[in-house]
Amino acid sequence: MSRRSQPPTPESSPRIAKKPRLEYPPLTADDYKNGLMLAPMVRSGALPTRLYSLKHGAKLVWGPETVDKAILHTTRVVDPVTGVISYYGKSKAIFTTHPIEKPFLIYQIGSADPELAVQAAKMVQQDVAGFDLNCGCPKPFSTHAGMGAALLSTPDLLCSILTALRQAMPPEITISAKIRLLPSQEDTLKLVERIVNTGITALTVHCRTRNMRKRERAVIERMREIVDFVERMGKGVAVIENGDCLGYEDSMRVRQVTGAHSVMIAEAAEANPTCFSPTPLKDLELTFVPGYIRLGKYLNNHWTSTKFCATQFQGAHENARRNDLKAMREAIVRAKCYEDLDAFVAPWTGEQEWAEIVEAIEQRGGQRAPPHPLPPIEEVAVAPFAPAALLGSTSEATTQKESDAAAVAVKEATAGQEDAPVAAEPQIPSAASVLGLDVPPPSSEAVDVAV
């Protein structure tokens with residue numbers, strides 16, 4: 001197989017893909033509540049990652065941000081064997097999906113133009129359940145053209161895009177937005193009010209400002225006031241928290257602090273897409289990565305996409321030996337195509353991996369609630385409300401000290417254990433230790449930003 005995925009041809013596809021058997025009702029605000037959501041992540045939010053997230057308990061999944069102009073000149077191609085739908089540009093697929101994820105899929109648009117946003121939405125509306133406007137990505141590739149977090153400074157434009165999308169899309173297609181906090185809570189609430197009045201179904205708030213980076217603690221304490229404010233508006237809009245949630249169990253803490261209807265997970269899901277489950281997988285190099293690569297090959301996912309995602313996976317270790325883990329990671333880094341991993345991944349039973357995902361999704365019985373849904377927010381013991389203006393924040397210096405201390409503790413705990421079974425991680429007060437990130441990713445590529 002070549003490294004570049006090409007549109008399939010009927011001559012090379014002897015079997016016809018089966019269509020999903022279940023019909024789902026259109027999305028409503030309730031579908032955005034009481035769940036864990038996969039965040040939109042450039043590169044890391046590939047189709048296989050979204051499918052595994054659904055298998056392990058994500059209620060809805062956001063696709064990676066796709067710039068409006070990028071999708072406008074694509075060609076829609078359906079693989080007759082797998083059913084994968086690819087929107088091909090000149091040299092590669094700009095966006096890929098599958099009908100099995102459509103009832104759960106939110107397509108995120110990067111745009112600074114209402115007309116282009118609507119044109120982009122019309123291109124893919126037959127394959128998604130809803131659209132989300134990216135108003136939070138702080139990276140230059142998004143903000144340089146007025147998109148992403150730049151929209152926070154142009155609220156008139158931001159709201160005009162949401163209004164245009166709501167007016168152009170049929171009522172069964174939901175419209176939502178994902179923003180970041182503004183430095184001032186008062187300004188944030190004013191912006192939220194304008195956004196909610198555009199007719200959106202859900203609002204996700206990344207609890208960091210535009211200038212904050214992921215090494216800085218998310219200010220989730222500010223979220224409670226936002227949730228209460230939106231609820232008092234009486235429009236039934238779901239409010240989703242994003243920032244520093246480590247998985248299913250940790251989402252209980254986040255909801256207690258914030259009162260948010262749902263929680264969106266980014267970095268933890270990038271490291272371990274099974275984090276949506278109460279019992280996430282461990283020893284991912286043995287229990288998860290091989291199957292992920294098999295599925296990628298079966299779905300004809302571009303090798304470089306599968307490789308990038310595989311090098312980001314990290315999880316707690318329990319029974320695996322470090323030499324085995326190291327060998328697997330190094331093989332992925334060296335591999336230039338799927339076949340280079342025969343020794344670690346064969347037999348190529350990707351069709352079986354696919355069948356297990358389909359079965360897990362179909363077991364939801366036509367409902368979007370996963371096997372382990374979060375309790376309704378009314379049943380969560382929400383922490384007493386404190387005005388955001390009275391809450392302190394964690395300084396960058398303090399955060400760095402915690403990270404340095406965690407790194408030293410991990411190094412001391414793992415010294416001289418190359419050939420021994422991996423012991424349980426020490427209790428270190430950092431996100432890295434909670435996730436079990438005791439083996440650094442071998443990839444030299446920078447991890448792409450969650451938007």
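Since the model is a prediction, treat every value here as computed from it, not as a measurement.

## Quick word on the overall build of the chain
Here is step 1 of the chain: For the chain, the count of helices and strands is 17 helices and twelve strands.
Here is step 2 of the chain: Buried positions account for 55% of the 451 residues belonging to the chain.
Here is step 3 of the chain: In the chain, 75% of the contacts between residues at least 6 apart in sequence involve partners at least 24 apart.

## Let's talk about unusual backbone geometry
Here is step 1 of the chain: Omega for the peptide link from A346 to P347 comes to 5 degrees, which places this bond in the cis form.
Here is step 2 of the chain: Although it is not a glycine, N34 sits at a positive phi angle of roughly 55 degrees.

## Notes on the pattern of salt bridges
Opposite charge on two side chains makes pairing possible when the charged atoms of those side chains draw close.
Here is step 1 of the chain: Applying the stated criterion across every chain yields a total of 14 salt bridges.
Here is step 2 of the chain: Residue R208 is joined to D244 by a salt bridge in which the shortest nitrogen-to-oxygen separation is 2.5 Å. Taken together, the positions of R208 in strand β10 (residues 202-209) and D244 in the loop between β11 (238-242) and α8 (248-258) put the pair 36 residues apart, joining distant regions of the chain.
Here is step 3 of the chain: Note on D244: relative accessible area 31%, which makes it partly exposed.
Here is step 4 of the chain: Among the salt bridges present, the one from K297 reaches E339, with a minimum N-O distance of 3.9 Å. Separated by 42 residues along the polypeptide, K297 in helix α11 (residues 289-298) and E339 in the loop between α13 (322-334) and α14 (342-345) bring together distant segments of the chain.
Here is step 5 of the chain: Relative accessible area serves as the criterion here: at 22%, K297 is assigned to the partly exposed category.

## Examining the packing of helix α12 (residues 303-312) against α13
Here is step 1 of the chain: Interhelical geometry of α12 versus α13 gives an angle of 150 degrees and a closest axis separation of 10 Å. Our classification of the angle between α12 and α13 gives roughly antiparallel. Crossing angle aside, the handedness with which α12 passes α13 is left-handed. Along the contact surface, α12 presents W303, K307, A310 and T311, while α13 presents R329, I332 and V333.

## A word on the packing of aromatic side chains
Here is step 1 of the chain: In total, this model carries twelve aromatic pairs according to the counting rule given.
Here is step 2 of the chain: When the ring of Y87 is compared with that of F95, the centres are 6.2 Å apart and the planes differ by 40 degrees; the resulting orientation is tilted. As far as the burial class goes, Y87 and F95 line up, both buried.
Here is step 3 of the chain: Following the ring pairs from residue to residue traces out a cluster consisting of Y52, F288, Y292 and F313.
Here is step 4 of the chain: If you follow R43 out to its NZ or CZ, it ends over the ring of F308, 3.9 Å from the centre.
Here is step 5 of the chain: Here the basic side chain of K297 rests over the ring of W348, its NZ or CZ set 5.3 Å away from the ring centre.

## Overview of the packing of helix α1 (residues 47-55) against helix α15 (residues 350-362)
The packing of two helices is summarised by the inter-axis angle and the distance between the axes.
Here is step 1 of the chain: Close contact between α1 and α15 brings their axes to 9 Å; oriented N to C, the two are set at 45 degrees. Considering the angle they form, α1 stands oblique to α15. Crossing handedness for the pair α1 and α15: left-handed. Residues L51, Y52, L54 and K55 of α1 pack against E353, W354, E356, I357, A360 and I361 of α15.
Here is step 2 of the chain: In the contact of α1 with α15, the residues fall into seven nonpolar, no polar and three charged.

## Observations regarding the environment of A70
Here is step 1 of the chain: By the secondary structure assignment, A70 is in helix α2 (residues 68-72).
Here is step 2 of the chain: The sequence separation of A70 and F95 amounts to 25 residues, and the corresponding C-alpha distance is 9.5 Å.

## Overview of the pairing of strand β9 (residues 174-181)
Here is step 1 of the chain: Counting buried residues along β9, eight of its eight residues qualify, which places the element largely inside the surrounding structure.
Here is step 2 of the chain: Where β9 and β10 come together, six bridges link them in parallel fashion. Bridge pairing links R180 to H206 in β10.
Here is step 3 of the chain: Crossover handedness for the path β9 to helix α6 (residues 185-196) to β10: right-handed.

What counts as what
- Residues numbered from 1 in each chain as written.
- Predicted model: local features only at pLDDT ≥ 70, side-chain atom pairs only at ≥ 80, totals over all residues.
- Heavy atoms only, no water.
- Helix = DSSP H or I, 4+ residues; strand = E, 2+ residues; numbered from the N terminus.
- Buried < 20%, exposed > 50% of the residue type's maximum accessible area, 1.4 Å probe, protein only.
- Contact = heavy atoms within 4.5 Å.
- Salt bridge = Lys/Arg side-chain N within 4 Å of Asp/Glu carboxyl O.
- Axes fitted to C-alpha atoms, helices over the stretch in contact; angles between N-to-C directions.
- Parallel < 35°, antiparallel > 145°, perpendicular 65-115°, else oblique.
- Left-handed = near helix turned anticlockwise from the far one by under 90°.
- Phe/Tyr/Trp six-rings, centres within 6.5 Å; stacked < 30°, edge-to-face > 60°.
- Lys NZ or Arg CZ within 6 Å of the ring centre and 35° of its normal.
- Nonpolar A, V, L, I, M, F, W, Y, C, P; charged D, E, K, R; others polar.
- Pairing = 2+ DSSP bridges.
- Right-handed = clockwise from strand over helix to strand, strands pointing away.

So yeah, pure geometry; function would need other evidence.
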